[in-house]
Amino acid sequence: MPLTIKGPLSQFGESITIFGCGAMAGAMLSRWIDCGLPPAQVTAISPSGRAAPGGVSTLTAADGMSAPDILLIGFKPQQFVRAAAAAEPLAGPNTLVVSILAGVPLGDLVRAFPRAEAVARVMPNMPVATGRGVVATHGVPEGGAGERLQKLLDTLGHVQPIADENGFEAVTALTGCGPAFLYRFAQALTGAATRLGIDPADADPLARAMLAGAAATLAESDDSPLALAEAVASPGGMTQAGLDVLDNDGRLIALMAETLRAARERGRTLAQAARDG
Ligand SMILES: NC(=O)c1ccc[n+]([C@@H]2O[C@H](COP(=O)([O-])OP(=O)(O)OC[C@H]3O[C@@H](n4cnc5c(N)ncnc54)[C@H](OP(=O)(O)O)[C@@H]3O)[C@@H](O)[C@H]2O)c1
């Protein structure tokens, strides 16, 4: 007998098809299964037949399938024209299409799924797998299908509607790409610590634990990041000496602005490539 997990989604009654169940959609799915979503309600479609998490059945194509209540599309933006055409027969008049594709605007999605009840964009990040992700949303309909989608998203972490779609690519750069930027920062910190003579075997766990603790404080505190840094630094002390290096000529802000801008521009380029097919 399959194991039944009690959780906020154990009574979730909608059928879900995930068209393109790779790393990102798979992370969302594994969290939903951990929250009690019955695997039998979900079908994953991946052309290679790669196994979906949580014992969810995987098909290599959608042939002959009926329209689900929720159709989550999780392929790459560059695959949009071909893959959306292959997914379209699954989007019936009672289907809410949910896209996690970076850069593909709502208007293009509505045109690609003209028979769907509604279409929404959500932008998750990888920490959704542990329920500590960020999910930006745009176009989630009020009530009905939108409410049911909200129930799914609420299990993933912090959910934030973004009213102006023009800002969605910048939000994607911040929260979708952001975890990779933080991991790179952790790597740089560890590398720098080893240059100061700390054993790499010590530097790695020390840097990870420091970042995790500081991030938890940041998440839980009402104080601004500036105030939190000031609470660590005393005038003329060690921390202030390090902060002065980061702040010199606004170099850290300039680096972060350049980083986010590059990610956003790439999103725009990919969106154009998606449109061009
Ligand atoms: N990775 C992130 O942190 C992140 C964050 C936010 C948003 N996203 C968005 O998530 C989407 C997927 O990214 P990912 O990192 O999860 O990539 P991925 O691991 O490469 O997953 C892509 C998925 O699309 C499937 N696929 C490829 N061609 C297809 C087709 N013609 N029809 C149907 N499915 C097809 C792949 O199946 P096979 O494995 O069988 O080839 C795979 O399951 C992208 O649109 C990206 O913008 C990603």
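Only a predicted model underlies this, so the values are computations on that prediction, with no experimental measurement involved.

If you roll a probe as big as a water molecule over the atoms, it shows you where there is empty space left. The volume enclosed by the second largest pocket comes to roughly 1100 Å³. Surrounding the second largest pocket, 47 residues form its lining, Met-24, Gly-74, Phe-75, Lys-76 and Pro-77 being those nearest its centre. Mapped onto the lining of the second largest pocket, the elements with two or more residues apiece are helix H1 (23-34), helix H2 (80-87), helix H5 (168-176), helix H6 (178-195) and helix H10 (251-276). Residues belonging to the lining of the second largest pocket are distributed by class as follows: 29 nonpolar, 12 polar and six charged. Residue assignment places the lining of the second largest pocket across two domains, with domain 1 (16-163) and domain 2 (178-272) each supplying three or more.

This next bit is on the domain arrangement of the protein chain. Partitioning the protein chain into structural domains gives domain 1 (16-163) and domain 2 (178-272). On a C-alpha basis, the centroid separation for the pair domain 1 and domain 2 is 32 Å. Contacts between domain 1 and domain 2 engage six residues on the former and five residues on the latter. The contact between domain 1 and domain 2 buries some 390 Å² in all, and 71% of this surface belongs to carbon and sulfur atoms. Considering only the surface of domain 1 that becomes buried against domain 2, Pro-77, Gln-78 and Gly-103 emerge as the three largest contributors, covering 56% of it. There are zero salt bridges connecting domain 1 and domain 2. A per-class count over the side of domain 1 that touches domain 2 returns three nonpolar, three polar and no charged.

A few words now on a nonpolar patch on the surface. A cluster of nonpolar side chains, namely Leu-246, Leu-252, Leu-255 and Met-256, defines an oily patch on the protein surface of about 320 Å² accessible area. Here the nonpolar patch gets three residues from one element, more than from any other, and that element is H10. Along the polypeptide, Met-256 turns up in helix H10.

Take the pairing of strand E2 (residues 42-45) next. The two faces of a sheet get side chains in turn, since along a regular strand they alternate between them. The side-chain alternation of E2 yields two buried faces, one formed by Val-42 and Ala-44 and the other by Thr-43 and Ile-45. One ladder, built from four bridges, connects strand E1 (residues 16-19) with E2; its direction is parallel. When the sheet's bridge partners are listed, Phe-19 is paired in E2 with Ile-45. A crossover links E1 with its parallel partner E2, the connecting element being H1, and its sense is right-handed.

Rules used throughout
Residues numbered from 1 in each chain as written. Predicted model: local features only at pLDDT ≥ 70, side-chain atom pairs only at ≥ 80, totals over all residues. Heavy atoms only, no water. 1 Å grid on protein atoms, 1.4 Å probe; cavity = no way out; pocket = protein on both sides within 12 Å on 5 of 7 lines; lining within 4 Å. Points joined across faces, edges and corners; volume = space filled by probe spheres on them. Helix = DSSP H or I, 4+ residues; strand = E, 2+ residues; numbered from the N terminus. Nonpolar A, V, L, I, M, F, W, Y, C, P; charged D, E, K, R; others polar. Domains from an automatic or database assignment. Contact = heavy atoms within 4.5 Å. Buried area = accessible area lost by both parts, 1.4 Å probe. Salt bridge = Lys/Arg side-chain N within 4 Å of Asp/Glu carboxyl O. Patch = residues over 30% accessible without salt bridge, like charges linked within 9 Å, V, L, I, M, F, W, Y side chains within 5 Å. Areas by Shrake-Rupley, 256 points an atom, 1.4 Å probe, with all protein chains shown as cover. Buried < 20%, exposed > 50% of the residue type's maximum accessible area, 1.4 Å probe, protein only. Pairing = 2+ DSSP bridges. Right-handed = clockwise from strand over helix to strand, strands pointing away.

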